[in-house]
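# Chain and residue survey
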Amino acid sequence: MPSAIPPSPVWHPFTQHGLNEPIPHVVRAEGALLHLADGRTLIDGISSWWVTTHGHCEPRIAAAIARQASTLDQLIFAAYTHGPAEEVAHGLIAMAPHAPGQPELAHVFYSDSGSTAVEVALKMALGYWHNLALDGVAKARNRILVLEHGYHGDTIGAMSIGERGVYNAAWTPLLFDVGTVPFPAPGREQACLDALDTACAQHPAAFIVEPLLLGAGGMLLYPAWVLREMAAICRRHGVLFIADEVMTGWGRTGTLFACEQAAIVPDIMAVAKGITGGAIPLAATLATAPIFEAHRSTDRARLFYHSSSYTANAIACAAAAANLAIWREEDVPGRIATVSQGMAQRLEQLATHPAFANPRQLGAVAAIELVAADAGYLSDLAPRLRAFFLEHGLLLRPLGNTIYLMPPYCVDARQLDAIFAALHAAGDMFGAHP
């Protein structure tokens, strides 16, 4: 008899192994589809945690990775450079948000994930004020302002500036204090702006936001005019404005970057996830010239102390260069518009189901609440929904009772029909009907 397969030693993220939930084994992917070892096929309705933009195994990106892997794979990036990193940096600066009368993003610092891109942004902001104080042109500032319900990653600095709760309670002693501005919920927009204005008058170093859409906080939306006013308040008080475009960038909100919809240019902007089309890890933090110049000096002690071994990995940068070329040369906005329109039509129909409430959409992101008595983040509802969707051939990962969709831009009408049919069936099974 064949020997039994030993238990996997893999420790999965955001997975409670004590529940013994099934862990599907994916062997192949293309487009919006994932193929499992047992022969089943899943529609990837969340772009494998919001990273896959054009589709899995996009041919141009895969070919770029293969070419680069046989030419230059890895290079120390401290005082060395290579072609793919230079190409991507120039491309990012050209594609970054621009607005009349606002300083442009002019410098690119590479890292390897959204969390580290945010950590870099925080260190840039604090380093900026520290160095200005050394020069005697400003007082040092070290307080960070954040938006209520925000999420910026799972490293210590990123957790410190995110919403506090069960997901980071174990590490509370490591987290630093921040100032929190209330979320601009409908009808409470001015209260948010007034609170930000009051907080900025106390001279913090920076204010960081997820522009227009808070992801892990519950797919919460707020209007572009509020984002524009937030940036204006920070500018008026001389507070650095940091945009975390890790999730909102690369077309998710309907434009390449969400900040474009508010016609603003942040002082610092973090990007990751879709920067390589979702094929391989890479991140970048963009900064305006004043941020860079505050760190440039003949004094070696004032250099920017941050790196990782794989900073600007050449293979990852080659993937990003191919992704940028796709954005320049193909009709990606048209694909996003098609997906957005398709989801809007189906979401409108789903919203008539009595088990659903609060439908909302921004670009290629849609969300709706399943009305249920057991609806908390740690309730049994989310894992039951995940299992239900798996049985129906979908990769979906609800946030409590919030079911959201963020598919690759190649998802077709038939696949959208299958997704929304499963959502309707989930409402029939799990919803709290009147």
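The structure displayed is predicted, hence computed values, not measured ones.

Attention now moves to empty space enclosed by the protein. By the definition in use, this model includes one cavity of 30 Å³ or more. Taken as a whole, the largest cavity encloses approximately 40 Å³ of empty space. Surrounding the largest cavity, Leu213, Met219, Leu221, Arg360, Gln361, Leu362, Val365, Ala366 and Ala367 form its lining. Those elements that place two or more of their residues in the lining of the largest cavity are β13 (356-362) and β14 (365-370). For the lining of the largest cavity, the class distribution of residues is seven nonpolar, one polar and one charged.

Before going further, it helps to spend a moment on the pairing of strand β11 (residues 268-271). The side-chain alternation of β11 yields two buried faces, one formed by Ile268 and Ala270 and the other by Met269 and Val271. In terms of strand pairing, strand β10 (residues 240-244) meets β11 through three bridges, oriented parallel. Looking at β11, one finds that Asp244 is bridged to Ala270.

A word on the sheet that holds β14. In space, the three strands of this open sheet follow the order β13-β14-β16, with antiparallel pairing throughout. Strands with a single pairing partner mark the edges of an open sheet, and in this sheet they are β13 and β16 (402-405). Across this sheet, the average inter-strand angle for adjacent strands is 15°, counted without regard to direction. Running over the sheet, helix α12 (residues 413-430) touches β13, β14 and β16 and is turned about 175° from β16.

This part is about the UniProt feature "modified residue: N6-(pyridoxal phosphate)lysine" (unreviewed entry) in the protein. UniProt annotation of "modified residue: N6-(pyridoxal phosphate)lysine" (unreviewed entry) refers to Lys273 when read in the numbering used here. Within the fold, Lys273 resides in the loop between β11 and β12 (283-288). What makes Lys273 partly exposed here is its relative accessible area of 25%. Apart from residues lying up to four places away in sequence, Lys273 is in contact with Trp49, Trp50, Val51, Val246, Met247, Gly278 and Leu282.

Further remarks concern the nonpolar core. By size, the foremost hydrophobic cluster in this structure holds 102 residues, and its most contacted members are Leu147, Phe207, Met230 and Phe389. The biggest single contributor to this core is helix α9 (residues 314-329), with nine residues. Leu122, Ile144, Ile242 and Val246 belong to the second-largest nonpolar core, a separate cluster that totals 29 residues.

Spatial strand order, β1-β2-β3-β15: four strands in an open sheet with mixed pairing. Each of the sheet's edge strands pairs with one partner strand only, and the pair in question is β1 (26-30) and β15 (394-395). By the bridge criterion, four bridges tie β1 to strand β2 (residues 33-36) in an arrangement that is antiparallel. Its bridge partner being in β2, Val26 is matched across the sheet by Leu36.

On the surface, a nonpolar cluster with roughly 630 Å² of combined accessible area is contributed by Phe14, Trp49, Val166, Tyr167, Tyr377 and Leu378. Inspection of the secondary structure puts Tyr377 in the loop between β14 and α11 (381-391).

This brings us to the packing of aromatic side chains. Scanning all chains against the criterion turns up eleven aromatic pairs. Ring centres of Tyr128 and Trp129 lie 5.1 Å apart, and the angle between their planes is 80°; this geometry places the pair in the edge-to-face category. Exposure class is identical for Tyr128 and Trp129. Each is buried. Through pairs of rings, three or more aromatic residues link up here, namely Trp250, Phe257 and Trp327.

Rules used throughout
- Residues numbered from 1 in each chain as written.
- Predicted model: local features only at pLDDT ≥ 70, side-chain atom pairs only at ≥ 80, totals over all residues.
- Heavy atoms only, no water.
- 1 Å grid on protein atoms, 1.4 Å probe; cavity = no way out; pocket = protein on both sides within 12 Å on 5 of 7 lines; lining within 4 Å.
- Points joined across faces, edges and corners; volume = space filled by probe spheres on them.
- Helix = DSSP H or I, 4+ residues; strand = E, 2+ residues; numbered from the N terminus.
- Nonpolar A, V, L, I, M, F, W, Y, C, P; charged D, E, K, R; others polar.
- Buried < 20%, exposed > 50% of the residue type's maximum accessible area, 1.4 Å probe, protein only.
- Pairing = 2+ DSSP bridges.
- Axes fitted to C-alpha atoms, helices over the stretch in contact; angles between N-to-C directions.
- Contact = heavy atoms within 4.5 Å.
- UniProt positions renumbered as here; feature names shortened; annotations may be inferred.
- Core = buried A, V, L, I, M, F, W, Y, C linked by side-chain atoms within 4.5 Å.
- Patch = residues over 30% accessible without salt bridge, like charges linked within 9 Å, V, L, I, M, F, W, Y side chains within 5 Å.
- Areas by Shrake-Rupley, 256 points an atom, 1.4 Å probe, with all protein chains shown as cover.
- Salt bridge = Lys/Arg side-chain N within 4 Å of Asp/Glu carboxyl O.
- Phe/Tyr/Trp six-rings, centres within 6.5 Å; stacked < 30°, edge-to-face > 60°.

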